[in-house]
Amino acid sequence: MTNGWIDIKNTDMMLIIGGNPAENHPCGFKWPIEAKRQRNAKMIVVDPRFTRTAATADLFVQIRAGADIAFLGGMIRYAVENNRVAKDYLIHYTNAAFVVQEGFKLPEDGLFSGFDAAKGTYDRSSWSYEGVDRPGGLAYDLALENPRSVYQLLKQQYSRYTPEMVERITGIPKEQFLKAADLFTSIRKDGDMKKVATILYAVGFTHHSSATQTIRTAAILQLLLGNVGRAGGGVNALRGHSNIQGATDMAGVFDILPGYLKMPNPADTDFKAYLERITPKVAKPGPWESYNYWSNTNKFAVSLLKAMYGDAAKKENDWAFHYLPKIDRNYSWTEIWDGMYAGHVKGLLAFGMNGVAIGPNAQKNINALKKADWLVVCEIYPDETSEFWKSPGITTEEMKQINTTVYRLPGAGFAEKDGTFVNSARWLQWKSAALPLPGMAKLDQEILARIFLKVRELYKKEGGKFPDPVLNASWSYTDPHNPSLSEIAREINGRALADVTDPKLNQTIKAGQQLPGFAWLRDDGSTMSGNWLYCGSWTEAGAMMQRRGTEDPSGLGIYPNWGWSWPSNRRVLYNRASCDPAGVPWDPDRKQIWWNEAQQKWVGPDVPDFKADSPPKDHMGPFIMNYEGVGRLFVPLAGLADGPFPEHYEPAESPVANPLHPGQSTNPIAKKFHSDMDKLGTVAEGYNIVCTTYRLTEHYHYWTKNNPMNVQLMPEPFVELPAELADDLGLRGGEHIKVTSARGHYIAKAMVTRRIKPMTIDGKKVYQIGIPIHWGYRGIAEDEGKTALTPANMLSPAVTDPNAYTPEFKGFLVKVEKV
Amino acid sequence: MSSGNLRVQKISGHAGPVAGEGTQRQEQVCKLIDTTTCIGCKACEVACMEWNDLPFGETVFDNTYQTMPETRWNYWNLIKFNEHPREDGSMQWLMRKDQCMHCADPGCLAACPADNAIVQYQNGIVDFQQEYCIGCQYCVTGCPFNIPKFNPQTKKMFKCTLCTDRVSQGLEPACIKACPTGCLHFGTKDDMKELAGARAQQLREHSGYANAGVYDPVGVGGTSVIYVLHDITNPEAYGGLPSDPRVPWAVRIWKQPLKWLGNLAMIGGLIGVTMHYLRFGPKKVKDDE
């Protein structure tokens, strides 16, 4: 989230799209309700199904799964056409005025300039600003009239997203779309800046082959309306699991290191080359300032290496940079399973992750595990992964052929562990263990520590190809076999390794002391920090993440003394943009920060996300993590793999050819796999129904099917389908329906509803159905033989977004029949 | 159920006077359910089960998100889900938390023949005292909301207690505590009526629900559980909420005139027997019989 859960109460307008917070974030949903109750805020819900979120909405719009970019693109066009844009914000805080170099081409035929058909990738050199190497800085036009200005290109790009086109692609009738567009952009009527709108999204955005671009479209719309950085505004990712934000921050993804530092690749021959590649250089119009906070990358990286390798990381050996693995290709989730299916990946450690059930194309994952040498599952229940060898349809003969050795480790449940959760609002909040460990269960860190120490022992004894990173890893915990999480949290915050002095503050942090914030990080080895973003979370003053102060002097829900949010306890990111260029809040009733002329600094109830002493007259951009200093309507160069502007592409399996450019229907660089199990279906083969998968309030992932309380609330798997489709099939609610995709089938009871209506997509009648994912072949009802046993992901395809590599769990094609 | 420091107002099937009967209720408690902000998350259902230690029961998929068709003897709090088409072609998905309404004029209590089995406290809570319940199920007849449920094993009746045990200790009912959106409120009846009225007004003026209103049916003397509804003219759409609930006339007649008629008949019979005895003396058995 750019903002936070509580901050939603400050909004005037909510667009909830690609998310179902009432069902999947019921506790957080109190804040949208609060905005409705306290501010008469309006709520627009856009979803393929009429959900429990829609039940509280002022306006519900049913959309075809996979068509969000078309809807949001239409909104952008509507805002521009009707002068509902934040003009000053646009000119000063975004790259609207920047000029794009000649040679860049918009995707009127479905392809941006630079497409390499043979490689299936883009040469992105033409996606750049004019004047990058010019001494006077980037070219710009404050009148926004230059035909190559970002604003004019944006206008041109979305001029094709007319209400008629939106209707053809999304299935939303034109009048209804116009109603939604009018309502949402009404906060910026005649350019008045007082009101604020927010966009809330979740995995309904991300489970698509154009996922990142969908989020981008929302960001563009919010920048256009001047809603980013402001209380009650922003682009807000509602994270699905209690600690998924923390998992990302701490690099639970293959291509980043903690704190979103990029992973080295083989071209980074030394630390200097690595830093050169990953540290952005300022590019801006001459008279403007850009903080370019990532210019501190060297300090973050050295401090991380010091945390990882301790004394073994020295200036002389490039801070042990050569210890870090270099990624030579994509190692994302679907690649791992594809590699195992192909026989390259020999073993898997599934730690709190039910790989078979959560991944797309589940049968491929089951078959992949059959080929592995070993599988370690650390869980609190037996699950579909640990018992892949008795998945539905497998015969005793086939079972005998499986040679995978399966180890099960006794994990601990969330209530049995202490530590932090980092929520969607980026808040680190400490929790205590509520229960003792049951039976033989062990804490995660003990299991991992014991594995690590055993591996290290083996390296010590037997040597190996490259033992140094393992032998020299910093592991100086009080109990090396079971480090306490508070000790690790302090390590992640970081401390001074030698006395560190800030001459400007006239302050010294003594060697061994916890660092108060990432501004203290150094690139000379005198500091260490496991994640620069978390620096400040556990200081000499104590555990900031354990604070429970309930004061909120501003009334904006900032609660500065509750927990701790990265970065630097800032509650709303980019909050400089909550003020006009002169440093005065756009809305005097929602003052987050402002420029104090007397003190010559930014002050206010929130921590300024800005250079604290940079006066407005210097025109420093509020988006300090972008090297231009401004928000990006146009993403230059390497930012994104599939285009500097979002373009609507059809899902990999689609009921229609893309009405914008039938010749280039799908995302040209979405990642597809080509094994014998990676089939895609077409309408011609009878796969003519759009299927989306989702989650229910009553269950948590594949877990609560083991808990009687949850089973009682929602006892069985089901398939939601429109009443009209049920009539066509002669099917009544409660009868069994078989759903088949090109990859597998799924049988469950039918939930016949009027909450999903048939749609007209590009003139064609299209049905959508929905499948909640929570069931499989292990659980209370499953074990009693009461339910069908196939996981829902038997159906979904392993086609992924080219930027974030998330699979297309939503909006694939199926056919249905009565059983 | 534990009555804590609550004071009794009415008792079922009780002949003599009741301490406090007829007194002004200073602190009538009330639960407010704003159906317009209910998200059907069922946290209240779970909290009810957990606080009251209710055993799990089996449920079956029934073409709905609703946990079960109606409340059970061991499931006192149930959100009813209703798909409701509107005239303009759009639809509503109405969610209403169903439980005992704690009527000011409780039909269950009126119908109950067992002394002390149903009590009404001065704060308005109507509670079943299972140790006195005779399992006759007359309360079912008396209730216009279909709430009391029979446990065939123990032959006792059960329903929501409005968490008397919590309320008597100054706590809110468990369902209120669990509600994540704040669609549930708890306080004095006056406060809740004011809050409900303001919310209904907001819905009428700002959300386009011209018929929004507060459900506090007069037919049962008002209730200690009140609803804010999007459309007060159509409570039936919320899973069969009666638009004008009343204590059934049979219960009224039975417990009022009929009861006295019956009592009169019985007293008359006794008088007749006594008179007969005085007049003719005891019946003599003849020796040859």
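Residues numbered from 1 in each chain as written. Chains lettered and ligands numbered in written order. Predicted model: local features only at pLDDT ≥ 70, side-chain atom pairs only at ≥ 80, totals over all residues.

Participant: Just checking my understanding: could you explain the overall build of chain A for this structure?
Facilitator: Helix and strand content of chain A: 22 helices and 31 strands. For the C-alpha atoms alone, the extent of chain A along its principal axes is close to 75 × 70 × 55 Å. When the 819 residues of chain A are sorted by exposure, 53% land in the buried category. Considering only intrachain contacts with a sequence separation of at least 6, the fraction spanning at least 24 residues in chain A is 72%. (Helix = DSSP H or I, 4+ residues; strand = E, 2+ residues; numbered from the N terminus. Buried ≥ 20, exposed ≤ 12 C-beta atoms within 10 Å, placed from the backbone. Contact = placed C-beta atoms within 7 Å.)

Participant: What should I look at first to understand the interface of chain B and chain A in this one?
Facilitator: The interface is formed by 26 residues belonging to chain B together with 29 residues belonging to chain A. Those elements that place two or more of their residues in the side of chain B that touches chain A are helix 1 (43-51), strand 3 (78-85) and strand 4 (91-98) of chain B. Counted by class, the side of chain B that touches chain A contains 12 nonpolar, 10 polar and four charged residues. (Nonpolar A, V, L, I, M, F, W, Y, C, P; charged D, E, K, R; others polar.)

Participant: Would you mind showing me how to read helix 7 (residues 174-185) of chain A here?
Facilitator: Turn by turn, an α-helix covers 3.6 residues, leaving residues three or four places apart pointing in a common direction. Residues and elements named next belong to chain A. Taking 1.5 Å per residue as the helical rise, helix 7 with its 12 residues ought to reach 16 Å, and the 16 Å between its terminal C-alpha atoms agrees with that figure. Along helix 7, the positions that sit buried rather than exposed are Phe177, Ala180, Ala181, Phe184 and Thr185. Seen along its axis, helix 7 keeps its buried residues to an arc of 115°; they face one direction. The inward-facing, buried residues of helix 7 abut strand 1 (13-17), strand 2 (42-47), strand 3 (59-62), helix 3 (68-81), helix 6 (163-170) and strand 6 (197-201). (Expected span 1.5 Å × (residues − 1). Arc of directions from axis to C-beta.)

Participant: Honestly, the domain arrangement of chain A in this entry has me stumped. Any pointers?
Facilitator: Accessible area lost on assembly of the parts is the figure often given for the size of an interface. Residues and elements named next belong to chain A. The domain boundaries assigned to chain A delineate domain 1 (6-240) and domain 2 (662-818). Elements with a minimum of two residues in the side of domain 1 that touches domain 2: helix 1 (21-24), strand 5 (121-122), helix 8 (203-206) and helix 9 (211-224). Here the side of domain 1 that touches domain 2 is built from residues that sort into eight nonpolar, 15 polar and six charged. (Domains from an automatic or database assignment.)

Participant: Mind showing me how you'd approach the nonpolar core here?
Facilitator: Within soluble globular proteins, side chains that are nonpolar generally end up buried alongside one another. All names here are of chain A. Counting residues in each nonpolar core, the largest one holds 236 residues, and the members touching the most others are Ile44, Tyr201 and Leu305. Two domains each put at least three residues into this core: domain 1 (6-240) and domain 2 (662-818). If we skip the residues at most four places from it in the chain, tyrosine 201 touches Ile17, Gly18, Gly19, Ile215, Ala218, Ala237 and Leu238. In terms of nonpolar packing, the next biggest core, distinct from the first, is built from 49 residues, Leu369, Ile771, Ile773 and Met794 among them. (Core = buried A, V, L, I, M, F, W, Y, C linked by C-beta atoms within 7 Å.)

Participant: Could you clarify how one ought to interpret the pairing of strand 4 of chain B in this entry?
Facilitator: Looking along a regular strand, one sees the side chains alternate between the two faces of the sheet. Residue and element names in this part refer to chain B. With respect to burial, strand 4 is a largely interior element, seven of its eight residues being buried. Two strands pair when backbone bridges link them, and strand 3 and strand 4 are joined in this way by eight bridges, in the antiparallel orientation. Opposite phenylalanine 81, over in strand 4, you have methionine 95 as the bridge partner. Between the antiparallel neighbours strand 3 and strand 4 lie five residues, among them glycine 89 with a positive phi of about 90°. (Pairing = 2+ DSSP bridges.)

Participant: What's the story with the sheet that holds strand 5 (residues 118-121) of chain B in this structure? I'm lost.
Facilitator: Adjacent strands of a sheet pair through backbone hydrogen bonds, lying either parallel or antiparallel. Residues and elements named next belong to chain B. What the three strands build is an open sheet, ordered 1-5-6; its pairing is antiparallel. Edge positions in the open sheet fall to strand 1 (8-11) and strand 6 (126-128), since each of these has one partner strand only. Across this sheet, the average inter-strand angle for adjacent strands is 30°, counted without regard to direction. Relative to strand 5, strand 1 is paired through three bridges, and the arrangement is antiparallel. Bridge pairing in strand 5 places valine 8 opposite tyrosine 121. (Axes fitted to C-alpha atoms, helices over the stretch in contact; angles between N-to-C directions.)

Participant: Even after reading the chapter, I still don't get unusual backbone geometry, so can you show me in this structure?
Facilitator: A negative phi angle characterises most non-glycine residues, just as the trans form characterises most peptide bonds. With an omega of -10°, the peptide bond between Trp566(A) and Pro567(A) qualifies as cis. Here Pro567(A) shows up in the loop between strand 21 (564-565) and strand 22 (594-596). Although it is not a glycine, Leu144(A) sits at a positive phi angle of roughly 60°. Looking at where Leu144(A) falls in the secondary structure, it is placed in the loop between strand 5 and helix 5 (150-159). Residue class for Leu144(A) comes out partly exposed when judged on the 18 C-beta atoms lying within 10 Å of it. The backbone phi angle of Gln137(B) is positive, close to 70°, even though this residue is not glycine. Take Gln137(B): it is sitting in the loop between strand 6 and helix 3 (138-142). You can call Gln137(B) partly exposed: it has 16 C-beta atoms within 10 Å.

Participant: Can you help me understand helix 9 of chain A in this one?
Facilitator: Residues and elements named next belong to chain A. Between the first and last C-alpha of helix 9 there are 20 Å, a value that for 14 residues agrees with the 20 Å anticipated at 1.5 Å per step. Within helix 9, 14 of the 14 residues are buried, leaving the element largely enclosed by the surrounding structure. The positive-phi residue at the C-terminal boundary of helix 9 is glycine 226, with phi of around 70°.

Participant: In this structure, what is going on with the environment of Val422(A)? I would like to understand it.
Facilitator: Residues and elements named next belong to chain A. Tracing the backbone through its elements, the reader meets valine 422 in strand 13 (residues 419-422). Distance in space between the C-alpha atoms of valine 422 and serine 242 is 7.2 Å, their sequence separation being 180 residues. In contact with valine 422, not counting residues within four places along its chain, are Asn243, Gln245, Gly246, Asp249, Trp427 and Leu428.

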